[in-house]
Amino acid sequence: MKQLGILDAAFINLEQTNTPQHVGGMGIYDPSTAPGGFVRFKDVIASFERRLGSMPLFRTRLVEVPGGLDRPYWVKDANFDVEFHLRHIALPEPGDWRQLCIQVARLHSRPLDMSRPLWEAYIIEGLDNIPHLPEGCFAVYTKMHHSLVDGAGGSSFMAVLHDLVANPEQADEPDTEPRLVDTDPTVAELLTKASINSVKNSVKLLRGTAKNTRDLGKYALDIMRNEIPAPDVSAPKTILNKSVGPHRVFDAAEFPLEGFKDIKNATGVTVNDVALGVVGGALQRYLAAKGEAPEEGSLAAAMPLNMRTRRGVTDENNQVGSVFASMHTDLADPLERLTAIKQSTEEAKQSGEASPMVDALMLAGVFSPAFTKPVAGFWARNELSRYIPMNVSTCISNVAGPDFPLYCAGAKMVDYYGLGVLTPGMGIFHLVFSYAGKVTLSVLADRDIMPDPEFYHDCLVASYEELYAAATASPAGAATGKSAAAKARIETPRRKRALAAAKSPASKATVKSKAKSKTSRTGTAAKAKTAAKSKAKRKSKSGSTAKSRAASKTKSAATGKSKAPAKRKVKAAAARPKAKRRAAAKAKPKLK
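Rules and cut-offs
- Residues numbered from 1 in each chain as written.
- Predicted model: local features only at pLDDT ≥ 70, side-chain atom pairs only at ≥ 80, totals over all residues.
- Heavy atoms only, no water.
- Helix = DSSP H or I, 4+ residues; strand = E, 2+ residues; numbered from the N terminus.
- Contact = heavy atoms within 4.5 Å.
- Pairing = 2+ DSSP bridges.
- Axes fitted to C-alpha atoms, helices over the stretch in contact; angles between N-to-C directions.
- Buried < 20%, exposed > 50% of the residue type's maximum accessible area, 1.4 Å probe, protein only.
- Core = buried A, V, L, I, M, F, W, Y, C linked by side-chain atoms within 4.5 Å.
- Salt bridge = Lys/Arg side-chain N within 4 Å of Asp/Glu carboxyl O.
- Parallel < 35°, antiparallel > 145°, perpendicular 65-115°, else oblique.
- Left-handed = near helix turned anticlockwise from the far one by under 90°.
- Nonpolar A, V, L, I, M, F, W, Y, C, P; charged D, E, K, R; others polar.

A. Spatial organisation of the side chain of T19. Tracing the backbone through its elements, the reader meets T19 in the loop between helix 1 (6-13) and strand 2 (22-30). Discounting residues that sit within four places of it in the chain, T19 has contacts with L14, V244, R248, L422, T423 and P424.

B. Quick look at the sheet that holds strand 2. Pairing within the open sheet is mixed, and its 6 strands lie in the order 5-6-7-2-13-12. The open sheet terminates on both sides in strands that have one partner only, identified here as strand 5 (86-90) and strand 12 (407-408). Two strands pair when backbone bridges link them, and strand 12 and strand 13 (residues 411-419) are joined in this way by 2 bridges, in the antiparallel orientation. The partner of C408 across the bridge, within strand 13, is A411. Sheet strands touched by helix 4 (residues 97-109): strand 2, strand 5, strand 6 (119-125), strand 7 (138-145) and strand 13. Its angle to strand 2, the strand with the most contacts, is close to 150°.

C. Representation of the environment of V181 within the structure. Within the secondary structure layout, V181 lies in the loop between helix 5 (151-160) and helix 6 (187-224). Judged by its relative accessible area of 48%, V181 falls in the partly exposed class. On a C-alpha basis, the gap between V181 and M1 in space is 9.1 Å, while along the polypeptide they are 180 residues apart. Discounting chain neighbours no more than four positions away, the residues touching V181 are K76, D77 and A78.

D. Broad picture of the nonpolar core. In this structure, F48, L100 and I124 are the most contacted members of the largest nonpolar core, which totals 71 residues. Core analysis: the second largest hydrophobic core is formed by 47 residues, L240, A266, V439 and V461 among them.

E. Representation of the pattern of salt bridges within the structure. The tally for this structure, following the rule as stated, stands at 12 salt bridges. Between R50 and D163 there is a salt bridge, with the nearest N and O atoms lying 3.2 Å from each other. Placement of the pair is R50 in helix 2 (residues 41-51) and D163 in the loop between helix 5 and helix 6, with a sequence separation of 113 residues. Classification of R50 as partly exposed rests on a relative accessible area of 24%. Across the pair K373 and E64 runs a salt bridge whose closest N-O atoms are separated by 3.5 Å.

F. The arrangement of the packing of helix 7 (residues 257-267) against helix 13 (residues 453-473) in detail. Axis separation between helix 7 and helix 13 bottoms out at 9 Å; the angle between their running directions is 45°. On the basis of the axis angle, helix 7 is oblique to helix 13. Note that helix 7 runs across helix 13; the crossing there is left-handed. For the pair formed by helix 7 and helix 13, the contact residues are G259, F260, D262, I263, A266 and T267 on the first element and Y464, L467, Y468 and A471 on the second. Tallied by class, residues from the contact of helix 7 with helix 13 come to 7 nonpolar, 2 polar and 1 charged.

Right under this line is the structure:
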């Protein structure tokens, strides 16, 4: 039994119906690399169970202290059943990208069962009509509570659940811990620990308050001396800062990692700066199309910081801070915007690392759940986020994945997309993930704030193409050749399907007429020759037709009939000898 850390407990205390505190990810897998060329559901179950042996944390459940008097505990679940956490579903027909995004958004909007180990996984089949995917692909969507992992921890969790080779039997098996379980603590035991911890926590709280007061004073003094930049709190409010509801939308765009690196090398920025530039340009396009672009000022973004690299590793599952940076969406030129973003991110990191406010999230875990949970609920119900001066439009998290392929039950992972957490007053989350030469930019948003994620996907693609064209056209990044052209334009499943759907019958007729005009230009002589022959045939045919008509008139005059029906023609043919005899008799001279 292990008690949650302060930051881990903060995510438990902040859990609300409209803003559940879990993160997620979706991988798409090609089963052709598995033994036999296909994967059974029981193979995935066996793979998860085998790999989870090295992560006992995912076999633990939460035990609350009665009355919320102390932080909860992790207890290894004696009734852990991996098949409860793995679900098998399929997309309805036709099984396209839009339906996959809707399904993932629905799954991600549902809170986890807090009485069981805080994670779930869904194997999703029926991805038959998603372009650019191998035949028979399936998706695995996982979600886990933020108290278990942060961004860096989630990447480690993904690596642990995958193999480095297609055949797991040939891989080196990790050393698994014995399957030990904990006995559930009694109420008396929990209350006793809570009374002891209350004394310890009070002392820690006093020390922390004194330290933070001293650090805040030093931080303010450094700002007055211009030794560190002051935080930018002038970002305007937009429709992205509305209250967050219970429903979600999801979409994602893919980019070549080499394209991001080309922009980085041409402009002297980081890959994270490029991601902020793409997102900033896309948000500005989206708001401008809605008529909601701010008249002045720039949108701001929150950026999580991995505190493991700054303070060392601790026993807490979450070691994350957060800083704010301007995306300079008020600058129209993409290169100027990217240069300004670089300066803003450097200042934000310098200011954030020196500010005690980088750990502001810990406030939700310092105090007991009995106090924090009602305050968090009151804050969310009354939408108090609208009174905060720092208007953050989105959170952008950048997680570096492996540059080598991973396998699940023998199936190769083709793509991976990440999903984050929405908070009151911030209704859109971006997660940038790099894997095996690709960069996926996933978008999770509140459905009422962004009802058209497909359009925003196109804004992301257009923003990247504009930024890439401007960066490679500069003297420092002039790029030529087919490879540069391929990286300049993005052909993603969403865009290809949108273009195909946009082809109307009129446009198809236009294409056909263009093809006809091209054919007529290349074969004018042949057509003229054919037309002359046709004209001669028509003339000959018309002449013969005229002769036949004249003959028929003569015959009809002789019989006294014209254009008789078939039966009358037969009768006329039978009566023809009698008519001839009568005509001959009339022609003979009469006898006197």
